[in-house]
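So you can see what is in the structure, the chains are spelled out below.
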Amino acid sequence: MSRTTRLSSSLLRAAAVTGVAALTLTACGPGSGSDSSSSGSGSGSGTVKVGLITKTDTNPFFVKMKEGAEKAAKENGAELSTAAGKFDGDNAGQVTALENMVAAGVKGILITPSDSKAIVPAIEKARAKGVLVIALDTPTDPESAVDALFATDNLKAGELIGEYAKAAMKGKKAKIAALDLAPGVSVGVQRHDGFLKGFGASDKDVVCAQDTGGDQAKGQTAMENCLQKAPDINVVYTINEPAALGAYTALKAKGREKDVLIVSVDGGCTGTQAVKDGKIAATSQQYPLKMAAEGVKAVVTYAKDGKKASGYTDTGVTLITDKAQDGVTSKDTGYGLENCWG
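As a convention, each chain's residues are numbered from 1 in the sequence order in which they are written. At least 70 in pLDDT is required for a residue's local features to be given in this predicted model, at least 80 for side-chain atom pairs to be given and counted, and no such filter applies to totals for whole chains, interfaces and linings, which use all residues. Excluded from the side-chain calculations are hydrogens and water; all other atoms, namely the structure's heavy atoms, are used.

(A) Looking closely at the overall build of the protein. Of the regular secondary structure elements, the protein holds 10 helices and 14 strands. Note on classification: 1.4 Å probe, protein chains only; a residue is buried when its accessible area is under 20% of the maximum for its type, exposed when over 50%, partly exposed between these limits. Buried residues in the protein amount to 54% of all 342 residues. Contact criterion: two residues are considered in contact whenever any of their non-hydrogen atoms come within 4.5 Å of each other. Counted over contacts in the protein with a minimum sequence separation of 6, partners at least 24 positions apart contribute 74%. Where helices and strands are cited, they refer to DSSP runs of H or I of at least four residues and of E of at least two residues respectively, numbered from the N terminus.

(B) Expanded view of the packing of helix α4 (residues 154-169) against helix α5 (residues 186-199). All axes are obtained by fitting lines to C-alpha atoms, using only the stretch in contact for helices, and the reported angles, taken between N-to-C directions, cover 0 to 180 degrees. Across the interface, α4 lies against α5 with an axial gap of 6 Å and an inter-helix angle of 35°. In this structure, α4 crosses over α5, and the sense of that crossing is right-handed. Only Val187, Gln190, Arg191, Asp193, Gly194, Phe195, Lys197, Gly198 and Phe199 of α5 make contact with α4, whose side of the interface consists of Asn154, Leu155, Gly158, Glu159, Ile161, Gly162, Glu163, Ala165, Lys166 and Met169. For the contact of α4 with α5, the residue count by class is seven nonpolar, six polar and six charged. Two helices that cross are described as forming a left-handed crossing if the nearer one is turned anticlockwise from the farther one by less than a right angle, and a right-handed crossing if clockwise. Note that Gly is not counted as nonpolar here; it falls among the polar residues with everything else outside the nonpolar set of Ala, Val, Leu, Ile, Met, Phe, Trp, Tyr, Cys and Pro and the charged set of Asp, Glu, Lys and Arg.

(C) Molecular detail of the sheet that holds strand β11 (residues 261-266). Between any two strands, pairing holds if DSSP finds at least two bridges. Strand order in this open sheet of six strands is β9-β8-β10-β11-β12-β14, and the pairing throughout is mixed. At either margin of the open sheet sits one strand with a lone partner, and together these are β9 (206-211) and β14 (318-320). Here the strands of the sheet are splayed against their neighbours by 15° on average, with no regard to which way each runs. Across the sheet, α4 lies against β10 (235-238), β11, β12 (282-285) and β14, angled at about 165° from β11, the strand it touches most.

(D) Region of the structure containing helix α8 (residues 269-276). Gly271, Thr272, Ala274 and Val275 are the residues of α8 that are buried. An end-on view of α8 places all buried positions within 155° of arc, on one side of the element. For α8, the elements touching its buried residues are α7 (241-253), β12, β14 and α10 (333-338). The directions from the helix axis to the C-beta atoms form the arc being described.

(E) Summary view of the pairing of strand β8 (residues 176-180). Among the five residues that make up β8, five are buried, leaving the element largely enclosed by the rest of the structure. Of the two faces of β8, both are covered, the one formed by Ile176, Ala178 and Asp180 as well as the one formed by Ala177 and Leu179. With five bridges joining them, β8 and β9 adopt parallel strand pairing. For Asp180, the partnering residue across the bridge sits in β9 and is Asp211. Orienting the strands away from the viewer, one traces the path from the first strand over the helix to the second; a clockwise path indicates a right-handed crossover. In this fold, the crossover linking β8 to β9 by way of α5 has right-handed handedness. Sheet topology places β8 next to β10; four bridges connect them, and they run parallel. In the strand pairing of β10, Leu179 is matched with Thr238.

(F) The packing of helix α6 (residues 216-229) against α7, seen in detail. Where α6 meets α7, the closest approach of the two axes is 7 Å, and the angle between their N-to-C directions is 45°. Between α6 and α7, the crossing angle belongs to the class labelled oblique. Relative to α7, the crossing made by α6 is right-handed. Two secondary-structure elements touch here, α6 through Gln216, Gly219, Gln220, Met223, Glu224 and Leu227 and α7 through Pro242, Ala243, Leu245, Gly246, Ala247, Thr249, Ala250 and Leu251. Considering only residue class, the contact of α6 with α7 consists of eight nonpolar, five polar and one charged. Roughly parallel means an angle under 35 degrees; roughly antiparallel means over 145; roughly perpendicular covers 65 to 115; every other angle is labelled oblique.

(G) Up close: the nonpolar core. By size, the foremost hydrophobic cluster in this structure holds 28 residues, and its most contacted members are Ile176, Phe195, Phe199 and Val263. Elements that contribute at least two residues to this core include exactly α4, β8, α5, β10 and β11. Residues in contact with Phe199, not counting those within four places in the same chain, are Gly162, Glu163, Ala165, Lys166, Met169, Ala174 and Ile176. We call a set of buried residues a nonpolar core when its members are Ala, Val, Leu, Ile, Met, Phe, Trp, Tyr or Cys and they connect through side-chain atoms within 4.5 Å of each other. In this structure, Val50, Ala73, Leu110 and Ile134 belong to the second largest nonpolar core, which totals 27 residues.

And the structure:
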């Protein structure tokens, strides 16, 4: 994520909530602090205020998403405020951020829900006050809880790597390990189910399933556990590329890195390079910058003419591999590295 637009920020104090970790809410525009600069035309009358709430501010995916929102806000003369949880799953912090942004007078909020169900009541309150709410990347449960969703088709992303893995196995019986995200998280469920659908398999064909939280260290531990349970694993599906690299590390320690097929989802620069280096066979690349940019534009349009974005907008996914398989559409890592994030 080398193309970073720096926004100086000021710290707004979130309301004290017992037992709840606070989020850092940064507001851009004149008057937001001595070291602040605006992503739009300032905080004067007529400036559209947009909020962005991500799951964390450390995950490269969300860093790129913030970058896309910052650039779009500047191009469209909007004022952007951002917030992020201290950890993936910090629903209480996201609720606080929503409330703070509504109180600050935002016209629209873009959010990647940490808990697709638990965030719904706070979203409903925001919408009742006339705030446009758009989910990015992760749908709410129900999806209709927001005005619109701009996201990767995660089921399709899973299907692509499932189809690829099936083709790459060339009829050999698969012993599948699934390194998943966490129970009940829609993105994880959709990618997992998509992979099985693309492969033509079911959960009964998965010899080991472990949750990783999308973390590399946890991915390594999960793979180690799976190898103890089923040493003959030959296909590894992973929720994202950090988990895939963790799996690769565990396999390499056992001398198995050459004979186990690893497939993943995300398309970050580190993960795409790992495909080029042969550590991951293929990945489904998604585009977080586009999600955020389109979201900001939708809020500005709503503010100007009252037209609300609605329904689902697919922001695209591309299978990336240097070992193309017949019947499976893909692009090579040259394309992947030109369009990666991180």
